[in-house]
Amino acid sequence: MCTVTIIPQDRGCRVVMSRDEAPGRPMGLPPRVVELGGRQVLMPIDAPTGGTWIGVSDAGYAAALLNHYPGPVTEMAPTAPDQISRGGIIPAVMSAPTLLDALDRAMQLPAERYADFRLLLFDQHRVAEIINEDAKITLRWNPIRGQPWLAGSALLGDAVAERPRRKLMRHALGADRKLWPALQDTLHRQACTNHTDLAVWVKGAGVRTVSITTAWWSDEGMVMSYHGLDPDRPAIDSDHRLTFGQPASAKCAGACGS
């Protein structure tokens with residue numbers, strides 16, 4: 001039950017992802033730079049799998065991953081013995097040198113070995129939405145044409161949950177685009193204890209928002225901000241930068257790699 005919002009900016013777009021998990025799942029680790037196939041990828045780490053749910057590449061594109069629920073879920077299906085963790089999808093495709101190469105790798109993933117997912121690959125102008133549903137992978141392009149964009153997942157069914165979240169986003173952002181980045185942050189920090197399937201920041205008994213990750217383009221490279229929400233510890237805030245096309249030793253600034 002996660003939410004991704006994208007707003008257009010002068011240098012491309014700004015992406016914010018709220019990650020929601022069950023209380024018993026270990027907390028993720030703050031972003032670090034990982035070398036994948038000669039590319040440098042900045043991404044937070046999912047502690048159980050070593051994978052991730054969002055990443056940015058020194059090649060100038062980014063990715064985000066959501067579970068996919070095409071309809072209401074009343075009971076979770078058991079994990080198949082040969083099922084592969086979805087956390088490894090972003091590392092598998094982001095070793096590619098371009099967004100289109102990453103897209104090609106995503107379309108060739110063994111769909112039958114993954115639970116349903118929605119992978120978003122995006123650059124400054126467009127979003128490629130790769131959907132794995134019932135072991136079949138399909139592609140949908142979403143251009144970023146000056147309007148905010150949202151994708152979400154929920155056990156009620158993704159489409160059911162996205163409608164109220166989009167309405168909330170339009171109401172929260174308003175018409176003044178200069179205010180959109182700050183209002184986008186506010187949107188992702190509006191807590192809700194009721195109707196958790198419809199909320200952006202969830203504080204429910206069965207699921208809660210555990211992190212908020214923000215990524216955007218600068219003149220020199222990619223920037224990522226991470227807000228970790230461990231209920232047993234103070235919130236973790238860290239900022240990270242990844243320079244376009246530089247040697248690995250020159251790519252990391254701020255708290256990267258720690």
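Everything below is about the structure printed above this text.
Treat the numbers as computed from the prediction; the structure is a model and nothing was measured. (Residues numbered from 1 in each chain as written. Predicted model: local features only at pLDDT ≥ 70, side-chain atom pairs only at ≥ 80, totals over all residues. Heavy atoms only, no water.)

Caption draft 1: Quick look at the overall build of the chain. A count of helices and strands for the chain gives five helices and 16 strands. On C-alpha atoms alone, the chain measures out to a radius of gyration of 17 Å, which is about the 18 Å that the 2.2 N^0.38 rule sets for 258 residues. Here the C-alpha coordinates of the chain stretch approximately 50 × 45 × 40 Å along the principal axes. Burial status across the chain gives 50% buried among its 258 residues. Taking the intrachain contacts of the chain between residues at least 6 apart in sequence as the baseline, contacts between residues at least 24 apart amount to 56%. (Helix = DSSP H or I, 4+ residues; strand = E, 2+ residues; numbered from the N terminus. Rg over C-alpha atoms; globule rule 2.2 N^0.38 Å. Buried < 20%, exposed > 50% of the residue type's maximum accessible area, 1.4 Å probe, protein only. Contact = heavy atoms within 4.5 Å.)

Caption draft 2: Just a nonpolar patch on the surface, in detail. Among the surface-exposed residues, Leu100, Met107, Leu139 and Trp141 lie close enough to one another that they form a single nonpolar patch of about 340 Å² accessible area. Only α2 (99–107) and β9 (136–143) provide two or more residues apiece to the nonpolar patch. Looking at the element boundaries, Leu139 is found in strand β9. (Patch = residues over 30% accessible without salt bridge, like charges linked within 9 Å, V, L, I, M, F, W, Y side chains within 5 Å. Areas by Shrake-Rupley, 256 points an atom, 1.4 Å probe, with all protein chains shown as cover. Salt bridge = Lys/Arg side-chain N within 4 Å of Asp/Glu carboxyl O.)

Caption draft 3: Broad picture of the side chain of Ser153. Mapping Ser153 onto the fold places it in the loop between β10 (149–152) and α3 (158–173). Setting aside its immediate chain neighbours within four residues, Ser153 contacts Met1, Cys2, Leu66, Asn67, Tyr69, Asp158 and Arg165.

Caption draft 4: Representation of unusual backbone geometry within the structure. For Asp134, which is not glycine, the phi dihedral falls at a positive 55°. Here Asp134 shows up in the loop between β8 (126–133) and β9. Notably, Ala135 is not glycine yet its phi reads approximately 65°, a positive angle.

Caption draft 5: Spotlight on the environment of Ala22. Checked against the element boundaries, Ala22 lands in the loop between β2 (12–21) and β3 (29–36). On the basis of relative accessible area, Ala22 is assigned to the partly exposed category, the value being 38%. For the pair Ala22 and Arg208, spaced 186 residues apart in sequence, the C-alpha separation works out to 6.4 Å. Residue contacts for Ala22: discarding those within four places in its chain leaves Gly206 and Val207.

Caption draft 6: Expanded view of α2. Inspection of α2 places Leu99, Ala102, Leu103 and Ala106 among the buried residues, and these make up the whole buried set. The arc that holds the buried residues of α2, viewed along the axis, is 100°, so those residues lie on one side. Check the buried side of α2 and you find it contacts α1 (89–93), β7 (117–122), β8 and β9. (Arc of directions from axis to C-beta.)

Caption draft 7: Up close: the pattern of salt bridges. One pass over the full model with this rule turns up 13 salt bridges. The partner of Arg126 in a salt bridge is Asp123, with the nearest N and O atoms 3.0 Å apart. On the accessibility criterion, Arg126 (31% relative accessible area) is partly exposed. One network of salt bridges, in which partners are shared, links Arg118, Glu129, Arg140, Asp158, Glu162 and Arg166.

Caption draft 8: Up close: the nonpolar core. Among the nonpolar cores identified, the biggest contains 26 residues, and Val4, Ile6, Met17, Val56, Leu120 and Phe122 are the most heavily contacted of them. Where this core is concerned, the elements lending two or more residues are β1 (3–9), β2, β5 (54–57), β6 (62–67), β7, β10, β13 (208–217) and β14 (221–228). Once you skip the residues sitting within four places of it in the chain, Leu120 turns out to touch Val4, Ala62, Ala63, Ala64, Leu66, Val127, Ala128, Glu129, Trp149 and Ala151. Core analysis: the next-biggest nonpolar cluster, separate from the first, contains 25 residues, Leu65, Val93, Phe117 and Ala128 among them. (Core = buried A, V, L, I, M, F, W, Y, C linked by side-chain atoms within 4.5 Å.)

Caption draft 9: The state of the cysteines, seen in detail. As enumerated under the stated definition, the model contains zero disulfides in all. A disulfide-free cysteine, Cys13 has its sulfur positioned 19 Å from the sulfur of Cys2, the nearest such atom. (Disulfide = S-S within 2.5 Å.)

Caption draft 10: Highlighting the pairing of β14. For β14, a buried count of seven out of eight residues is recorded, marking the element as mostly surrounded by other parts of the structure. Across seven bridges, β13 lies against β14 in antiparallel orientation. Residue Ala215 lies in a different strand from β14, and its bridge partner there is Met224. Sheet analysis places β14 next to strand β15 (residues 236–243), joined by eight bridges and oriented antiparallel. Following the sheet pairing, His227 is matched in β15 by Asp237. (Pairing = 2+ DSSP bridges.)

Caption draft 11: Looking closely at the sheet that holds β9. Judged by pairing direction, the sheet is antiparallel, and its seven strands sit side by side in the order β3-β4-β5-β6-β7-β8-β9 without closing on themselves. Edge positions in the open sheet fall to β3 and β9, since each of these has one partner strand only. Across this sheet, the average inter-strand angle for adjacent strands is 20°, counted without regard to direction. Each of β7, β8 and β9 is contacted by α2, which is oriented at about 155° to β9, the strand it contacts most. (Axes fitted to C-alpha atoms, helices over the stretch in contact; angles between N-to-C directions.)

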